[in-house]
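Each chain, written out:
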Amino acid sequence: MVLFILATTLSFLFQVENPAFGLTVDDIEFWVGSGENRAVLVIEWDDGTHDKTTLAWGFRWDGSATGEDMIKAIVEADDRLFAIFEEWTNPEGSTVYGLGYDMDCDGFTYVEGTYDYQSYEGTPHLSNEDGYAEDIDDLHQEGWYENFWFYTLKESANDDWSASNTGITSRVLANGTWDGWRLVQYDGFDLISENSPPDMENLAAAAAPSPYAAALVDYEGPFGDGAYSYPEALLGKPATQFQDGAGVTSRVKIVEPAYVYGLDDEPLITTLNPGSHITVRFDHKVLDDSENPYGIDFIVFGNSFFSLGGESVNDDSDMNKALLSGGGWFEKVTVSVSQDGETWYTYDNGPYGDNLFPTQAYDWDEENSQWTDTEMDWTRPVNPALTLEDFEGKTAAEAIAMYKGSAGGTGFDLSESGYEWIQYIRVQGLEGEFAEGEIDAFADVAPGTIEDNDPGPNPGPNPGDEGGDDKGGGGGGCFISILF
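Computed from a predicted structure; not experimentally measured.

**Q** Please set out the overall build of the chain residue by residue, giving values where relevant.
**A** Looking only at helices and strands, the chain features 3 helices and 31 strands. Here the chain, with 484 residues, has 54% of them falling under the buried criterion. Surface accessibility of the chain: about 20700 Å² in total, with carbon and sulfur atoms responsible for 46%.

Here it is, written out as structure tokens:
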């Protein structure tokens, strides 16, 4: 039986970390699994058409694990990586036949090759080696007779590569080992004794998936004016700071939303007027995950805010004394989701984008009455059971505490859609009062639990911080626009 393990997704613009000789296990971005032990998978593509590409992934585990466990877990986790395995029953095990990679993050599609129905113990196997990636920008190589994927090993980072004398099923991993793959030309069994490792001087870390929308797929106005007219503003991390028309900078908070431009004069939010829409795509599958807090699977950020009853606010305002009153400013943007960008489920009856809950970018130090530089968690939702009335009469500091570390935004549960996962989100402007609204960004929710006595923001690094700026980026993925 031939097992196709396919992963599609995007991340647009091939983005990897510092291609440099000497990449260490600590430089790896994309980790799969959990446990005390760590191993590295390295794959090289060199097809004579594209630039040579050599990428590394990390694998964690406890107990025992094999080379097969590692490569299949990584293929399953990385939507940009594609693999075809030959599955054997006697002896039982797997062999790598083809490996592909989505270079421009717009999804990998494999065009099946022709079959040579020579059989091994009655089982037909692939052998013509002519399957290919439909997208000419993507990588794919396969081999069985004329070429084959050479399996080579390092028992530690400092050791030399050596040819494996077992297949991936029998390969027992140890803490610190490296497994490498490179397509070579078959030249008789003598080649098995030769060492043909991946090109380490070309080695780069495979990009980790971004928790934020990575690609602009399509759009149609009318949008807002000036700073509010850029659909690409919806990509990447939500806004954390902004500057108004007078150049005064402020932090994004539940009583003062993002507007106009960011600190580098970049657009932050886009107004969706009636009849407009914007479609974005993630570089991975956003799952309907029962382990997500409150059952929420993704978050849509807008620029709604709680009112202080006409009181002016800025970064010097004391959130301990600022009293929420008079509701706030909340609009409605319709949200739809899709697996393929063609068939959609729409949340016709809400929830809506640019509604509850206003964005809160930074943690407030209530004891010392001052802002911290600790960002709230963009991948943690607010409890959807809370209503606007629950915040009425609270101080801004108390309202921030009610977020329990979340950066806010409207949460959506995929179970309503019937999809086990999605990759596309579309936002649409509506007709009617308070219908059109502003959208800033989207985030995939991270699994975890939130206790009633939760202390607040996660103490760990915020997703996307490294390499990012106030508008976003960082944390892997790629950012390009596909416009039509």
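Additional details are given in the paragraphs that follow.
**Q** Report on the nonpolar core, specifying residues and quantitative values.
**A** Across soluble globular proteins, nonpolar side chains have a tendency to be buried as a group. Membership of the largest hydrophobic core comes to 38 residues, with the highest contact counts inside it found for Val-255, Phe-306, Met-319, Leu-324, Phe-391 and Tyr-403. Sorting the residues of this core by element identifies strand 21 (298-302), strand 26 (362-365) and helix 3 (396-402) as the ones contributing at least two each. Of all the elements, helix 3 adds the most residues to this core, at 4 residues. Setting aside residues up to four positions removed in sequence, Phe-391 forms contacts with Phe-306, Leu-324, Phe-357, Leu-386, Ala-399, Met-402 and Tyr-403.

**Q** Kindly report on the pairing of strand 26, identifying the contributing residues and their values.
**A** Where strand 26 meets strand 27 (residues 370-375), 3 bridges bridge the pair, whose relative direction is antiparallel. Across the sheet, Tyr-362 pairs through a bridge with Glu-375, a residue of strand 27. In this structure, the hairpin formed by strand 26 and strand 27 is closed by a connection of 4 residues, where Ser-369 is found at a positive phi of approximately 50 degrees.

**Q** How would you explain the packing of aromatic side chains if you had to name every residue and give the values?
**A** A ring pair, where both rings are aromatic, is described by two values, the distance of the centres and the angle of the planes. Throughout the structure, instances matching the rule amount to 22 aromatic pairs. Measuring from ring centre to ring centre gives 6.1 Å for Phe-148 and Phe-150, while their planes differ by 55 degrees; the resulting arrangement is tilted. Exposure class is identical for Phe-148 and Phe-150. Each is buried. Taking NZ or CZ as reference, Arg-60 lies 4.2 Å from the ring centre of Trp-31, over its face. Lying across the ring of Tyr-362, Arg-251 places its NZ or CZ 4.5 Å from the centre.

**Q** I'd like a description of the side chain of Asp-377, backed by residues and values.
**A** Note that Asp-377 resides in the loop between strand 27 and helix 2 (388-391). Among buried charged residues, Asp-377 stands out as having no salt bridge; its nearest opposite-charge side chain is Arg-380, 4.3 Å away.

**Q** Account for the pairing of strand 14 (residues 178-185), with residues named and values stated.
**A** Within strand 14, 6 of the 8 residues are buried, leaving the element largely enclosed by the surrounding structure. As paired elements, strand 3 (residues 37-45) and strand 14 share 5 bridges and run parallel to each other. For Leu-41, the partnering residue across the bridge sits in strand 14 and is Asp-179. Direction of pairing for strand 12 (residues 147-154) relative to strand 14: antiparallel, over a ladder of 8 bridges. Within strand 14, the position partnered with Lys-154 by the bridge is Trp-178.

**Q** I'd love a proper account of the sheet that holds strand 21, names of residues and values included.
**A** Here we have 4 strands laid out as an open sheet, ordered 19-30-21-28, and antiparallel in their pairing. Two strands bound the open sheet, and with one partner strand each, they are strand 19 (270-272) and strand 28 (410-412). Pairs of neighbouring strands in the sheet enclose a mean axial angle of 40 degrees, with direction left out of account.

**Q** Report on the pattern of salt bridges, specifying residues and quantitative values.
**A** Under the definition given, this model contains 12 salt bridges. Asp-218 is paired through a salt bridge with Arg-426; the nearest N and O atoms lie 3.7 Å apart. Remark: Arg-426 occurs in strand 29 (residues 421-429) and Asp-218 occurs in strand 16 (residues 215-220); sequence separation between them is 208 residues. The residues Asp-218 and Arg-426 share a single accessibility class, namely buried. The salt bridge partner of Asp-315 is Lys-253, with a shortest N-O separation of 2.6 Å.

**Q** Tell me about the environment of Ser-304, residues and numbers included.
**A** If you trace the backbone, Ser-304 turns up in the loop between strand 21 and strand 22 (305-306). Under the relative-accessibility criterion, Ser-304 is labelled buried at 3%. Separated by 50 residues in sequence, Ser-304 and Ile-254 place their C-alpha atoms 7.8 Å apart. Non-local contacts of Ser-304, meaning those with residues more than four positions away in its chain, are made with Pro-257, Trp-329, Phe-330, Asp-354, Asn-355, Phe-357 and Pro-358. For Ser-304, the side chain forms a polar contact with the main-chain oxygen of Asn-355, separated by 2.9 Å.

**Q** Any details on unusual backbone geometry? Residues and values, ideally.
**A** Of note, the amide linkage connecting Gly-350 to Pro-351 takes the cis form, showing an omega dihedral of 5 degrees. Of the consecutive residues Leu-356 and Phe-357, the connecting peptide bond is found in the cis state with omega at 20 degrees. By the element assignment, Phe-357 lies in the loop between strand 25 (344-346) and strand 26. For Asp-265, which is not glycine, the phi torsion reads 65 degrees and is therefore positive. For Asp-265, the location among the structural elements is in the loop between strand 18 (249-251) and strand 19. Owing to a relative accessible area of 53%, Asp-265 belongs among the exposed residues under this scheme. Residue Tyr-294 is not a glycine yet carries a positive backbone phi of 60 degrees.

What counts and what doesn't
- Residues numbered from 1 in each chain as written.
- Predicted model: local features only at pLDDT ≥ 70, side-chain atom pairs only at ≥ 80, totals over all residues.
- Heavy atoms only, no water.
- Helix = DSSP H or I, 4+ residues; strand = E, 2+ residues; numbered from the N terminus.
- Buried < 20%, exposed > 50% of the residue type's maximum accessible area, 1.4 Å probe, protein only.
- Areas by Shrake-Rupley, 256 points an atom, 1.4 Å probe, with all protein chains shown as cover.
- Core = buried A, V, L, I, M, F, W, Y, C linked by side-chain atoms within 4.5 Å.
- Contact = heavy atoms within 4.5 Å.
- Pairing = 2+ DSSP bridges.
- Phe/Tyr/Trp six-rings, centres within 6.5 Å; stacked < 30°, edge-to-face > 60°.
- Lys NZ or Arg CZ within 6 Å of the ring centre and 35° of its normal.
- Lys, Arg positive; Asp, Glu negative; His and termini not counted.
- Salt bridge = Lys/Arg side-chain N within 4 Å of Asp/Glu carboxyl O.
- Axes fitted to C-alpha atoms, helices over the stretch in contact; angles between N-to-C directions.
- Polar contact = N/O pair within 3.5 Å; in protein donor to acceptor, adjacent residues only side chain to side chain.

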